[in-house]
Amino acid sequence: MSETPRNLSAGSDTWALRPLPDMDEAQFHQWKTLLEHRTGMALAPERKSFLETNIGIRMREIGCGSFQAYYEKIVAGPEAVVEWATLVDRLTVQETRFFRDPDAFRLVHDYVMTRPREQLRQRPLEAWSVGCSTGEEAYTLAILLNECMEQLELPPLYGVTGSDISKPALEKAERGLFNPRRLNGMDDSLRQRYFRAGARNSAEITEGIRERVCFTRLNVLDLKRAPMQGMNIIFCQNLLIYFRRWRRREILKRLAGYLAPGGLLVLGQGEITGWQPPGLQRVPSEHVLAWIRRQSDDE
């Protein structure tokens, strides 16, 4: 900081200007072990500055003077659960936007448009956005499914579930209010149909889409507790890159188990290599990493 603000009173504001001690290697190992144990997120040594900066920001906010003291507060303090949730939000919420991966969403569109119409009339389509952050991906799926149903001249029988480990992120998602820049790259006709002007220059998702989407807090390490079954579409992008290779495969095996026969699993490019589980068939695509569950696992 180049200069100290004038008329700064003594107390927490003054304390916030004091430099924090550096995080030594033992502390970094302690913190990254805790993160991996609780969230599965694995931090490489070159991510030490990321961890140090983000934890340091939170320490300044609450007036905690050392990484060890904050660690003890997170592990065993009287407000450990609440404080841990706040920190996880800082470390895991990533920048996102609507229709972030156009190729992946085109694949979902084509998948829905080629489903047997009678099947779409009889049973609602169920989609799941895993690691949905502040909701852009989940709402994008809802918009896409709504567009497909209209093109097929079918009733809008579909629902979308968004799950994430961060409670603050999910609370933002449920509000359905977004900075207009999160809509950058989105087709103008879709903007006009599915958004309206909200408070404080925000873009608000329309009620018709909001009522089709629900959000739930879920750690991907606890997928066995997920209240889902028979999902037609599971969308999981930009999440697995934070996990070790063996854990990625473990997570994907769980997710694949939640697919309905004929269901589609979509990942981010490069998030897994050499993975071909029984019962799933790779979608032939140069731009999207995706699998479809066979109608019968015996096929």
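One can find the structure itself at the top, above this paragraph.
Below, the structure is looked at part by part. Here the structure is a predicted model, which means the values were calculated and not measured. (Residues numbered from 1 in each chain as written. Predicted model: local features only at pLDDT ≥ 70, side-chain atom pairs only at ≥ 80, totals over all residues. Heavy atoms only, no water.)

Take the overall build of the protein chain next. Scanning the protein chain from N- to C-terminus turns up 12 helices and 10 strands. Along the first, second and third principal axes, the C-alpha atoms of the protein chain reach 70 × 45 × 35 Å. Out of the 299 residues in the protein chain, the part that is buried amounts to 49%. When the accessible surface of the protein chain is summed, it comes to about 15,800 Å², and 47% of that surface belongs to carbon and sulfur atoms. (Helix = DSSP H or I, 4+ residues; strand = E, 2+ residues; numbered from the N terminus. Buried < 20%, exposed > 50% of the residue type's maximum accessible area, 1.4 Å probe, protein only. Areas by Shrake-Rupley, 256 points an atom, 1.4 Å probe, with all protein chains shown as cover.)

Counted according to the given criterion, the structure contains 12 salt bridges. With a shortest N-O distance of 2.9 Å, Arg90 and Glu61 are connected by a salt bridge. Here Arg90, found in helix 5 (residues 80-92), pairs with Glu61, found in helix 3 (residues 48-62); they are 29 residues apart in sequence, far enough to count as distant. The exposure class of Arg90 is partly exposed, given its relative accessible area of 29%. In this structure Glu61 comes out as partly exposed when scored by relative accessible area, which is 43%. Where Glu204 meets Arg210, a salt bridge forms, and the shortest distance between an N and an O atom there is 3.9 Å. You can call Glu204 buried: its relative accessible area is 17%. (Salt bridge = Lys/Arg side-chain N within 4 Å of Asp/Glu carboxyl O.)

So, on to the layout of surface pockets. The method is simple in principle: a probe with the dimensions of a water molecule rolls over the atoms, and the space it marks as empty is what remains. Within this model, the largest pocket holds a volume of roughly 280 Å³. Forming the boundary of the largest pocket are 17 residues, of which Phe99, Phe105, Arg106, Leu144 and Leu190 lie nearest the centre. Partitioning the lining of the largest pocket into residue classes produces 8 nonpolar, 4 polar and 5 charged. Contributing elements (two or more residues each) for the lining of the second largest pocket: helix 2 (25-39) and helix 5. Looking at side-chain class alone, the lining of the second largest pocket contains 7 nonpolar, 3 polar and 3 charged residues. Here the lining of the second largest pocket gathers at least three residues from each of two domains, domain 1 (25-91) and domain 2 (102-293). (1 Å grid on protein atoms, 1.4 Å probe; cavity = no way out; pocket = protein on both sides within 12 Å on 5 of 7 lines; lining within 4 Å. Points joined across faces, edges and corners; volume = space filled by probe spheres on them. Nonpolar A, V, L, I, M, F, W, Y, C, P; charged D, E, K, R; others polar. Domains from an automatic or database assignment.)

On to helix 9 (residues 167-175). Buried within helix 9 we find Ala169, Leu170 and Ala173. The buried residues of helix 9 occupy an angular sector of 95° when projected down its axis, which confines them to one face. Its buried side turned inward, helix 9 meets helix 5, helix 8 (136-151), strand 2 (158-164) and strand 6 (213-217). Just beyond helix 9, the residue with positive phi is Gly176, at close to 70°. (Arc of directions from axis to C-beta. Contact = heavy atoms within 4.5 Å.)

Let us look at the state of the cysteines. According to the stated counting rule, one finds 0 disulfides in the structure shown. In this structure Cys214 is not part of a disulfide, and its nearest cysteine sulfur, from Cys132, lies 9.8 Å away. (Disulfide = S-S within 2.5 Å.)

Turning our attention to the nonpolar core. Side chains that are nonpolar tend, in soluble globular proteins, to be buried together. Among the nonpolar cores identified, the biggest contains 49 residues, and Trp31, Leu51, Ile55, Trp128, Ile234, Leu255 and Leu267 are the most heavily contacted of them. Each of domain 1 (25-91) and domain 2 (102-293) gives at least three residues to this core. Residues contacting Leu267, with those up to four places away along its chain left out, are Cys236, Gln237, Leu240, Leu252, Ile272, Leu289 and Trp291. Ala127, Tyr139, Phe195 and Ile209 belong to the second-largest nonpolar core, a separate cluster that totals 45 residues. (Core = buried A, V, L, I, M, F, W, Y, C linked by side-chain atoms within 4.5 Å.)

Relative to the assigned elements, Arg247 resides in helix 12 (residues 245-257). Here Arg247 is buried and forms no salt bridge, its nearest opposite-charge partner Glu250 lying at an N-O distance of 4.1 Å. Setting aside residues up to four positions removed in sequence, Arg247 forms contacts with Glu36, Gly40 and Leu221. (Lys, Arg positive; Asp, Glu negative; His and termini not counted.)

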